[in-house]
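Results of the structural survey
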Amino acid sequence: MYPLLFRAVLSRFDPEFAHHAGMAVIRVLGVRPLSWATRAMTRPDPSLRVEALGLTFPSPFGIAAGFDKNAVGVRGLAALGFGHVEVGTLTAIPQEGNPKPRLFRLIADRAVINRMGFNNAGADAAARRLARLRRGAPDTVVGVNIGKSRVVDVENATADYVASATRLAPLADYLAVNVSSPNTPGLRGLQAVETLAPLLRAVKQASGATPLLVKIAPDLPDEEIAAIAQLAVAEGLAGIIANNTTISRDGLLSDAAKVEAAGAGGLSGAPLKRRSLEVLRVVRGAVPADFCVIAVGGVETAADVQERLEAGATLVQGYTAFLYRGPFWGREINRGLISRGTARA
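Residues numbered from 1 in each chain as written. Predicted model: local features only at pLDDT ≥ 70, side-chain atom pairs only at ≥ 80, totals over all residues. Heavy atoms only, no water.

**What about the packing of aromatic side chains?**
Using the following cut-off: Aromatic rings from Phe, Tyr and Trp, taking only the six-membered ring of Trp, are treated as a pair when their centres fall within 6.5 Å; an angle between ring planes under 30 degrees marks them as stacked, one over 60 as edge-to-face, and anything in between as tilted. Counting from the N terminus, the helices are DSSP H or I runs at least four residues long and the strands are E runs at least two residues long.
A full pass over the atoms with the stated rule returns ten aromatic pairs. Ring geometry for Phe 67 versus Phe 322: centroids 4.7 Å apart, planes at 50°, classification tilted. Of the two residues, Phe 67 is situated in the loop between strand 3 (61-63) and helix 4 (74-79) and Phe 322 in helix 12 (residues 320-325); the sequence distance between them amounts to 255 residues. Aromatic pair Phe 322 and Trp 329: ring centres 6.4 Å apart, planes at 85°, arrangement edge-to-face.

Written out as structure tokens, the structure reads:
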């Protein structure tokens, strides 16, 4: 039913408007007693539980950062069966993001191009929501993704990240440092090892006991990806998220003029599947077996999730396929994992 609704109705709306409308419904689903009824239909089987980062995840499959930028839909997303919700990207200073339009569907590719630009209400506003969430839904696993405020110069990025970490780490189950979005000028340059090391060191100190991860780009050469992975281990991080969106446009099925009209931004969805799997294997080959690696990029089906787990992912995240597969996508993945024998004994 959802594919028909998408083709006939939702695909005709502006993508960003449709996302906000969808988030409004998700927020309602997180309110009792609707959340109880929704959870009854979507709750992951106990055999899917994963122990990682000192936490118990109800399922290995969660929702990636970018879907819930302001931590407003966590309860609803958890009720829909996602094993964890990573909110953000959040910045120390509130910002509107890039000018609209900034979100574009490539339906033929089951993909999205976005240049949102970390639009969010800021770390303080999110912290207040997360504090309320912790009182009302303490068992929901919530990751918090932080990035550089646009108005802050790159040379002052460390202090900006530290400000966000100080405010948000006490309310997060884990914290993720985003240095890999293509939509904030100069941000990806922070991935250079000599720049990244002191930044991660400072943020780790500010994060205290909260597990810290770093999210990397798929467009780096494999040797640089391996070097960042090794750096993350050396600096005592808890894990790596592999990976963010890509600036590549190779191999797309959509009309070239449509892709060109969409312009700059990060590409996510099915076209990212192959490279994301490659990045995962590079990272896993560079870190210890017990080091947490969260795989994201091009994940659509339970088979995709299982492939990432078999390639060494500890956890798996998705985002773009929610748009194409609908609100019961998380339940579909979890049930598919059971049927494929992915459950832990």
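Past the structure itself, the notes keep going.
**Some words on helix 2 (residues 15-29)**
Applied cut-off: In this scheme, a helix's expected span is set at 1.5 Å multiplied by one less than its residue total. Partly exposed residues are those whose accessible area sits between 20% and 50% of the maximum for their type, while under 20% is buried and over 50% is exposed, using a 1.4 Å probe and protein chains only. What the arc describes is the spread of directions from the helix axis to the C-beta atoms. Should any heavy atoms of two residues lie within 4.5 Å, those residues are counted as being in contact.
Taking 1.5 Å of rise per residue, 15 residues should cover 21 Å, and helix 2 covers 21 Å from first to last C-alpha, within 8% of that figure. Taken residue by residue, helix 2 has Pro 15, Glu 16, Ala 18, Met 23, Ile 26 and Leu 29 as its buried positions. Looking down the long axis of helix 2, one finds its buried residues gathered within 150° of arc, a one-sided arrangement. Next to the buried residues of helix 2 lie helix 3 (34-42), helix 4, strand 5 (103-106) and helix 12.

**Considering the pairing of strand 9 (residues 212-216)**
The following threshold applies: Between any two strands, at least two bridges found by DSSP are needed for them to pair. With strands facing away from the observer, any crossover in which the path from the first strand over the helix to the second runs clockwise is taken as right-handed.
Judged by how many residues are buried, strand 9 sits mostly within the fold: five of five residues are covered. A two-sided burial pattern is seen for strand 9, the buried positions comprising Leu 212, Val 214 and Ile 216 on one face and Leu 213 and Lys 215 on the other. Sheet topology places strand 8 (residues 174-178) next to strand 9; four bridges connect them, and they run parallel. In the sheet register, Leu 175 faces strand 9, and the bridge partner there is Leu 212. For the handedness criterion, the β-α-β arrangement of strand 8, helix 7 (residues 193-207) and strand 9 is classed as right-handed. In the sheet, strand 9 pairs with strand 10 (residues 239-242) via four bridges, with the strands oriented parallel. Bridge assignment links Lys 215 to a residue of strand 10, and that residue is Ile 241. Each parallel crossover has a hand, and the one from strand 9 via helix 8 (residues 222-234) to strand 10 is right-handed.

**So, the nonpolar core**
Rule in force here: Definition used in this section: a nonpolar core is a set of buried Ala, Val, Leu, Ile, Met, Phe, Trp, Tyr and Cys residues joined via side-chain atoms within 4.5 Å.
Grouped together as the largest cluster of nonpolar side chains are 76 residues, with contacts concentrated most on Tyr 161, Leu 168 and Val 283. One finds Phe 57, Val 141, Ile 241 and Cys 292 within the second-largest nonpolar core, a separate group that totals 15 residues.

**Comments concerning the pattern of salt bridges**
Put simply, the rule is: Counted as salt bridges are all cases of a side-chain nitrogen of Lys or Arg within 4 Å of a carboxyl oxygen of Asp or Glu.
Within the structure shown, the criterion is met by eleven salt bridges. For Arg 275, the salt bridge goes to Asp 222, with nearest N and O atoms at 2.9 Å. Taken together, the positions of Arg 275 in helix 10 (residues 273-286) and Asp 222 in helix 8 put the pair 53 residues apart, joining distant regions of the chain. The closest approach of N and O atoms between Glu 278 and Arg 274, which form a salt bridge, is 2.5 Å.

**Some points on the packing of helix 6 (residues 157-168) against helix 7**
Formally: In this analysis an axis means a line fitted to C-alpha atoms, helices contributing only their contacting stretch, and an angle means the value between N-to-C directions, from 0 to 180 degrees. Every angle not falling under 35 degrees, over 145, or within 65 to 115 is termed oblique; those three ranges are roughly parallel, roughly antiparallel and roughly perpendicular. Helix crossings are classified by the rotation of the near helix relative to the far one: an anticlockwise turn of less than a right angle makes the crossing left-handed, while a clockwise turn makes it right-handed.
Axis separation between helix 6 and helix 7 bottoms out at 8 Å; the angle between their running directions is 20°. Comparing their axes, helix 7 and helix 6 come out roughly parallel. As helix 6 runs across helix 7, the sense of the crossing is right-handed. Between helix 6 and helix 7, the contacting residues are Thr 158, Tyr 161, Val 162, Ala 165 and Thr 166 on the first element and Leu 199, Ala 202, Val 203, Ala 206 and Ser 207 on the second.

**Details of the environment of Gln 95**
As a reminder, the rule being used: Pairing of N or O atoms within 3.5 Å defines a polar contact, subject to two protein rules: one partner must be a possible hydrogen donor and the other a possible acceptor, and residues neighboring in sequence count only if both atoms are side-chain atoms.
Mapped onto the fold, Gln 95 is located in the loop between strand 4 (85-90) and strand 5. On the accessibility criterion, Gln 95 (14% relative accessible area) is buried. Residues Gln 95 and Gly 122, spaced 27 residues apart in sequence, show a C-alpha to C-alpha distance of 7.1 Å. Excluding anything up to four places from it in sequence, Gln 95 contacts Gly 117, Phe 118, Asn 119, Asn 120, Ser 149 and Arg 150. Polar side-chain contacts of Gln 95 include one of 2.9 Å to the backbone nitrogen of Arg 150.

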